[in-house]
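# Overview (structure and organization)
For reference, the chains in residue letters:
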Amino acid sequence: MGSSAPMVLIHAITLSWVWLSISASHVVHTVNTAKTSIQQPYRTGYHFQPQKNWMNDPNAPMFFKGFYHLFYQYNPDGAVWGNIVWGHVVSKDLINWHSLDPAIVPSEWYDIKGCWSGSATLLPGDQPAILYTGWANSSQQLQSMVVPKDATDPLLREWVKIPQNPLLIPEFGINGSSFRDPTTGWLGLDGKWRIVVGNKRNHRGVALLYTSKDFVHWVKAKHPLHSSKLTGMWECPDFYPVPLSGNEGLDTSAMGSSLKHVLKVSLDDYKYEYYTVGTYLRDMDRYVPDNTSSDDEHGLRYDYGKFYASKTFFDQYKNRRILWGWINESDSVADDVSKAWAGLQTIPRTVWLDSVSRSQLLQWPVPEVESLRRKKIYKQSIDLSSGSVVEIAGLNAAQVDVEVSFDPPRVEIAEFEEEMGVNLTAQQLCGLNMGSAARTAGGPFGLLVLASKDLNERTAVFFQIVRYRNELKLLMCSDQSRSSLQTDNDKTTYGAFVNYMGSFKEKSLSLRVLVDHSIVESFGEGGKVCITARVYPTLAIGKDAHLYVFNNGTSTVTASKFTAWEMASSYHSTQH
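Presented here is an overview of the structure given in this document. (Residues numbered from 1 in each chain as written. Predicted model: local features only at pLDDT ≥ 70, side-chain atom pairs only at ≥ 80, totals over all residues. Heavy atoms only, no water.)

## A look at the overall build of the protein chain
For the record, the criterion: Helical segments are the DSSP runs of H or I of at least four residues, strand segments are the runs of E of at least two, and each set is numbered from the N terminus. A radius of gyration in this sense is built from C-alpha atoms; the matching globule rule multiplies 2.2 Å by the number of residues raised to 0.38. Relative accessibility under 20% of the residue-type maximum defines a buried residue, over 50% an exposed one, and the middle range a partly exposed one, all with a 1.4 Å probe and only protein chains included. Areas reported here follow the Shrake-Rupley algorithm with a probe of radius 1.4 Å; residue values treat only the protein chains shown as occluding. Note on charges: Lys and Arg go in the positive column, Asp and Glu in the negative column, and His and the chain ends are not counted at all. Charge placement uses NZ in Lys and CZ in Arg. For Asp and Glu, CG and CD serve respectively.
A tally of helices and strands in the protein chain yields 2 helices and 40 strands. Expected size for 576 residues packed as a compact globule is a radius of gyration near 25 Å; at 24 Å, the protein chain falls within 12% of this value. By principal-axis analysis of the C-alpha atoms, the protein chain measures approximately 70 × 55 × 40 Å. A buried classification covers 62% of the 576 residues belonging to the protein chain. As displayed, the protein chain offers around 21800 Å² of accessible surface, 51% of which is attributable to carbon and sulfur atoms. Across the protein chain, 54 positive and 58 negative side-chain charges occur, with their mean positions spaced 2 Å apart.

## Observations regarding the packing of aromatic side chains
Stated precisely, the cut-off is as follows: The criterion for an aromatic pair is that two Phe, Tyr or Trp rings (for Trp, the six-membered ring) have centres within 6.5 Å, with stacked assigned to planes under 30 degrees apart, edge-to-face to planes over 60 apart and tilted to the rest. Should the NZ of a Lys or the CZ of an Arg lie within 6 Å of a ring centre and within 35 degrees of the ring normal, that charge is described as sitting over the ring.
Taken as a whole and judged by the stated rule, the model has 31 aromatic pairs. On the numbers, 5.5 Å between centres and 25° between planes, the contact of Tyr-275 with Tyr-302 is stacked. In this pair, Tyr-275 sits in strand 20 (residues 272–281) while Tyr-302 sits in the loop between strand 21 (286–289) and strand 22 (308–315), placing the two residues 27 residues apart along the sequence. Relative to Phe-550, the ring of Phe-462 has its centre 6.4 Å away and its plane inclined at 75°; by these criteria the two rings are edge-to-face. Placement of Phe-462 in strand 32 (residues 459–468) and of Phe-550 in strand 38 (residues 546–551) is noted, with a sequence separation of 88 residues between them. In this pair, the class of Phe-462 matches that of Phe-550, namely buried. Against the face of Trp-341 rests Arg-43, its NZ or CZ located 5.4 Å from the ring centre.

## Description of the environment of Arg-180
What counts is decided by this rule: Note on contacts: a residue pair qualifies if any of its non-hydrogen atoms lie within 4.5 Å across the two residues. Any N or O atom pair separated by 3.5 Å or less is treated as a polar contact, with the protein-specific requirement of one donor-capable and one acceptor-capable atom, and with residues adjacent in sequence counted only for side-chain atom pairs.
Checked against the element boundaries, Arg-180 lands in strand 12 (residues 179–180). Judged by its relative accessible area of 8%, Arg-180 falls in the buried class. Separated by 67 residues in the primary sequence, Arg-180 and Asn-247 place their C-alpha atoms 31 Å from one another. Every residue in contact with Arg-180, bar those within four places of it in the chain, is listed here: Trp-116, Thr-133, Gln-141, Gln-143, Val-197, Gly-198, Met-233, Glu-235 and Asp-268. At a separation of 3.3 Å, a polar atom in the side chain of Arg-180 contacts the main-chain carbonyl oxygen of Ser-177.

## Description of empty space enclosed by the protein
Over the atoms rolls a probe the size of a water molecule, and its path tells where empty space is left. This is how it is decided: Here the term cavity refers to a set of points on a 1 Å grid, laid over the protein atoms alone, in which a 1.4 Å probe fits but cannot get out; the term pocket refers to an open set having protein on both sides within 12 Å along at least five of seven lines, with lining residues being those that place an atom within 4 Å of a point. Grid points are joined across faces, edges and corners, and a volume is the space filled by probe spheres set on the points. Side-chain classes are defined by residue name, with Ala, Val, Leu, Ile, Met, Phe, Trp, Tyr, Cys and Pro counting as nonpolar, Asp, Glu, Lys and Arg as charged, and the others, Gly among them, as polar.
Going through the model one piece at a time under the given rule, you end up with 5 cavities of 30 Å³ or more. For the largest cavity, the calculated volume is near 70 Å³. Of the residues in the lining of the largest cavity, the class split is 5 nonpolar, 5 polar and 2 charged.

## Quick notes on the nonpolar core
Stated precisely, the cut-off is as follows: The set of buried Ala, Val, Leu, Ile, Met, Phe, Trp, Tyr and Cys residues whose side-chain atoms join them within 4.5 Å is what this entry labels a nonpolar core.
By size, the foremost hydrophobic cluster in this structure holds 58 residues, and its most contacted members are Leu-361, Phe-406, Leu-447, Phe-463, Leu-511 and Phe-562. In this structure, Phe-48, Val-85, Ile-95 and Phe-523 belong to the second largest nonpolar core, which totals 25 residues.

## Brief notes about the layout of surface pockets
There is about 950 Å³ of room inside the largest pocket. Taken together, 37 residues line the largest pocket, and the ones lying closest to its centre are His-298, Leu-300, Tyr-304, Ala-426 and Phe-497. Mapped by element, the contributors of at least two residues to the lining of the largest pocket are strand 20, strand 27 (361–365), helix 2 (426–430), strand 33 (471–479) and strand 34 (494–498). Split into classes, the residues belonging to the lining of the largest pocket amount to 17 nonpolar, 15 polar and 5 charged. By volume, the second largest pocket is sized at about 540 Å³. Lining the second largest pocket are 27 residues, with Glu-235, Asp-268, Lys-271, Tyr-308 and Trp-326 sitting closest to its centre. At the level of elements, strand 4 (53–64), strand 8 (115–123) and strand 18 (234–243) are the ones that each hand at least two residues to the lining of the second largest pocket. A per-element tally of the lining of the second largest pocket places strand 4 first, with 3 residues. Considered class by class, the residues forming the lining of the second largest pocket number 11 nonpolar, 7 polar and 9 charged.

## A word on the sheet that holds strand 34
Selection rule: For two strands to count as paired, DSSP must find a minimum of two bridges between them. All axes are obtained by fitting lines to C-alpha atoms, using only the stretch in contact for helices, and the reported angles, taken between N-to-C directions, cover 0 to 180 degrees.
One open sheet accounts for 6 strands, arranged 29-38-31-32-33-34; its pairing is antiparallel. Each of the sheet's edge strands pairs with one partner strand only, and the pair in question is strand 29 (388–391) and strand 34. Averaged over all pairs of adjacent strands, the angle between strand axes in this sheet comes to 25°, irrespective of strand direction. Bridge count for strand 29 against strand 38 is 4 bridges, and the pairing is antiparallel. Looking at strand 38, one finds that Ser-388 is bridged to Asn-551.

## Some details on the side chain of Glu-368
You can see Glu-368 is positioned in the loop between strand 27 and strand 28 (373–384). According to the relative accessible area criterion, Glu-368 is buried, its value standing at 11%. Excluding anything up to four places from it in sequence, Glu-368 contacts Asp-93, Leu-94, Ile-95, Lys-318 and Arg-320.

## Considerations on the state of the cysteines
Threshold: Criterion for a disulfide: a pair of cysteine sulfur atoms at a distance within 2.5 Å.
Taken as a whole and assessed by the stated rule, the structure comprises 1 disulfide. Across the disulfide, Cys-430 is cross-linked to Cys-477 (sulfur-sulfur distance 2.0 Å). Looking along the S-S bond of the Cys-430-Cys-477 disulfide, the torsion reads about -75°, which is the left-handed sense. Here the residue Cys-430 occupies a position in helix 2, and Cys-477 occupies one in strand 33, the gap between them amounting to 47 residues. Residue class for Cys-430 comes out buried when judged on its relative accessible area of 1%. With no disulfide partner, Cys-115 has as its closest neighbouring cysteine sulfur the one in Cys-236, 15 Å distant. This cysteine, Cys-530, is not joined by any disulfide, and Cys-477 carries the nearest cysteine sulfur, 14 Å off.

Right, dumping it as structure tokens:
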């Protein structure tokens with residue numbers, strides 16, 4: 001901010017933030033983020049995004065002295081990638097944000113072409129340190145560190161580069177042009193710190209392991225923490241423990257027999273992520289995935305839609321692990337330049353291990369987002385015969401939180417004439433037979449969001465029971481194929497199989513969808529499957545957006561419980 005004057009943060013009843021400064025050198029602007037216009041119909045109401053320009057990866061999230069901090073990759077000069085610095089915002093509640101000056105900017109030979117992604121670690125004495133990747137030149141990426149100029153400042157407004165930088169230089173045999181994104185550090189039994197840096201060897205993804213006694217002088221281990229063939233460059237690796245039961249989080253250094261570890265990597269070649277659940281052999285410094293999911297591009301994902309470069313952190317204040325992810329655009333570069341911004345962050349999610357299967361993670365929006373819930377619509381037992389489309393009126397359907405439970409059709413495998421394509425992925429299956437417009441014994445049934453009155457524009461989020469490899473499987477899909485009359489957008493249909501326990505005759509299916517003008521975040525079966533979509537309707541904008549429950553299956557489906565809340569807007573204040 002250019003001043004070290006003490007400041008006091010007041011959280012007002014209206015959810016806006018008032019920043020009071022002893023210094024009169026600053027002007028404060030509090031912005032209602034839902035303000036849209038004919039020219040800006042796709043800006044969101046309650047997702048975080050800068051006031052303008054390009055944003056991508058979330059970096060170094062942490063909780064420090066009463067504030068949540070989020071850093072992010074940011075281009076201060078335009079709406080396309082380039083000139084990357086670290087943007088910085090702080091919050092008391094993960095929903096309403098205040099922007100600070102950029103935390104890290106290119107200034108030294110080792111980061112002069114850009115300050116790329118990294119992570120925060122709280123060192124002993126509650127001292128935060130950030131490791132980040134500096135882009136020195138086209139063939140060399142280096143890891144460096146910044147520390148707060150004043151560690152007593154809860155806003156951490158100024159950061160300084162330490163004189164020992166760069167700390168990690170690619171040794172002989174390491175691909176220096178693919179050497180980036182250091183993780184949060186964790187302590188081993190020997191008292192040494194450990195971090196992972198993403199890398200590749202030919203087409204093998206590699207999590208390089210480094211150790212240090214003082215978090216400054218690092219030594220490369222003889223072997224990586226883990227690697228996997230044919231997965232390409234591993235960007236933004238994340239490695240952390242999860243308890244075997246319960247939804248609480250663990251400090252990144254936690255060890256013991258009552259936990260598992262998660263390794264997540266972002267696949268540069270595919271532009272999506274996958275994770276595995278497994279065991280950290282601490283005496284060998286190796287991670288071994290359980291044999292419960294694929295350790296490659298076919299593996300489990302946090303999110304099967306527009307979601308990349310994610311990062312978790314342990315929230316010691318509320319004892320939970322929180323996940324951030326970047327939502328990129330689905331329109332053209334020209335559109336981004338025209339609207340003067342690109343990129344958003346998801347609503348932060350809590351993430352924990354499914355204690356039943358112990359083989360996958362569950363995710364759910366942080367409960368703080370529920371503070372934005374306003375007008376409520378509640379309905380019971382909406383019977384949906386074949387072909388039904390029922391509107392839920394009385395809400396601003398462009399900015400809404402929906403929770404619905406479906407009693408699925410009581411189908412038997414014999415009712416399906418033929419198998420779905422046995423060699424197709426779940427995503428491909430979701431797009432078969434006109435996607436949400438298909439008609440089968442098992443659906444589809446779900447929600448139509450950001451829909452126009454005539455349904456010429458609609459985004460469908462739905463379940464479908466399918467016969468696949470001679471058994472009944474549950475699909476969850478997000479169909480963007482009819483989301484906009486615009487023709488130059490990416491309208492890919494996303495989908496995944498849901499790990500459904502039990503018979504379809506025994507219990508209902510749950511779906512939650514967060515709608516925010518151009519974002520649709522969907523959570524199926526308590527967060528077993530999550531799908532994020534970007535859509536750009538031309539008709540279903542603002543008050544002209546509609547919300548429907550539908551069933552295109554041949555059997556009747558009941559929406560046993562339906563609740564929707566109109567959402568207020570979060571606030572984003574800036575200071576100059």
